[in-house]
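# Understanding the architecture of this molecule
So you can see what is in the structure, the chains are spelled out below.
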Amino acid sequence: MSFAFPLALLLLPLPLLVWRLLAVRAPEAAALRVPADVLGAVAPARGRDDRVGLALMVASWAALVLALAGPRVPAVKNVVTASGREIVLALDLSGSMVNEDFVLDGKPLSRLDAVKRVASRFVAARRGDRIGLVIFGDQAYVAQPPTFDVESVAYAINAAQIGVSGRSTAISDGLGLATRRLMQSDAESKVVVLLSDGLDTSSKVQAIDAARLAASHGVRIHTIALGPDDLESQPESRDAVDAAALDAMARAGHGTSFRVRSMEDLKAMAASLDALEPNPMNRPPLSYWRPLWIWPAGIALAAALLLALRRQA
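First, a word on scope: everything that follows refers to the structure included in this document. Small disclaimer: the values here were computed from a predicted structure and weren't measured.

This next bit is on the overall build of the protein chain. Scanning the protein chain from terminus to terminus reveals 10 helices and 11 strands. When each of the 313 residues of the protein chain is scored for burial, the buried share is 38%. Only carbon and sulfur atoms are counted for the fraction: they give 59% of the accessible area of the protein chain, which is about 18,400 Å².

As structure tokens, this is what we get:
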């Protein structure tokens, strides 16, 4: 512990010095002559030995001086400031997301559950960013408007269910809605993270055109192709993801494309995305002084109140 104004402690002996300097000496001769018979009828007054009152005065003064000295202790706090970045996650909730082709701790896991585990953690760590969530299937809708309340976005991700937006895949609609939300923002950096595990089957606009439109409005696009099969290697697979189209969208949107085939790939993707869009939490902590003057000030006030109550009694 240290003091902000240590010289204030020099005031501690001030009452004693004042008492010594202003002490009145008893007069050598009486100022008023009174007949002896009158004095004999008067009993001498006895001074009350008020040690408790004296102790309260000393405690009140000492605590007050201690508060003036500004006691404090060092403390460290993580500073989370607004990053000026706005991120909208566009999450595919088509029917193929129920496929259990991911493995975690030796147990099969659906694509949706795997995404929920990683995406919710990714979002919860983005304090300082404004995060939003768009969900798409046959149609796209905003599940969570961009907000600094990242816990609510993580909750919305965990609560997402397949079927609420249809079972087809309208990638362009999801990207277009996410872009529209970001176009209304005055953020310095605007980012869409698009995750899909299929082929665009129900959009009316080409996905690459939607990506170019986003880029023309300063929106950067990162895409995630999710699933073990893609059209290049397994063109006959029902659940193959169009990785080439997602990669083209990322390039058109001046972003990065990720290919995710396993739980390990998904975790590595989240780490890479953190590097591409640095987390505002990864900043040095702030060192500051935590003031403690309120405690001795409270003691001084309590002692003064007790002293006043004793004198009124």
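This part covers the packing of aromatic side chains. For the structure on display, the rule yields 0 aromatic pairs. Over the face of the ring belonging to Trp 289 we find Arg 72, whose NZ or CZ atom lies 4.2 Å from the ring centre.

Right, let's talk about unusual backbone geometry for a bit. Notably, His 254 is not glycine yet its phi reads approximately 55°, a positive angle. Within the fold, His 254 resides in the loop between helix H8 (243-252) and strand E10 (257-260).

What follows covers the pairing of strand E6 (residues 130-136). Among the 7 residues of E6, 6 are classified as buried, and the element is accordingly described as predominantly covered. Here strand E3 (residues 85-92) runs beside E6; their pairing, made up of 7 bridges, is parallel. Bridge assignment links Ala 90 to a residue of E6, and that residue is Val 134. For E6 and strand E7 (residues 140-147), the ladder comprises 5 bridges, and the chain directions are antiparallel. Looking at E7, one finds that Ile 135 is bridged to Tyr 141. Hairpin connection, E6 to E7: the antiparallel pair is bridged by 3 residues.

What follows concerns helix H9 (residues 263-276). The end-to-end C-alpha separation of H9 is 20 Å, in line with the 20 Å expected for 14 residues at 1.5 Å each. Buried within H9 we find Met 263, Leu 266, Met 269, Ala 270 and Leu 273. Buried residues of H9, viewed axially, fall in a sector of 110°; they line one side. Away from its buried face by more than 90 degrees, H9 exposes Glu 264 and Ala 275.

What counts, and at which threshold
- Residues numbered from 1 in each chain as written.
- Predicted model: local features only at pLDDT ≥ 70, side-chain atom pairs only at ≥ 80, totals over all residues.
- Heavy atoms only, no water.
- Helix = DSSP H or I, 4+ residues; strand = E, 2+ residues; numbered from the N terminus.
- Buried < 20%, exposed > 50% of the residue type's maximum accessible area, 1.4 Å probe, protein only.
- Areas by Shrake-Rupley, 256 points an atom, 1.4 Å probe, with all protein chains shown as cover.
- Phe/Tyr/Trp six-rings, centres within 6.5 Å; stacked < 30°, edge-to-face > 60°.
- Lys NZ or Arg CZ within 6 Å of the ring centre and 35° of its normal.
- Pairing = 2+ DSSP bridges.
- Expected span 1.5 Å × (residues − 1).
- Arc of directions from axis to C-beta.

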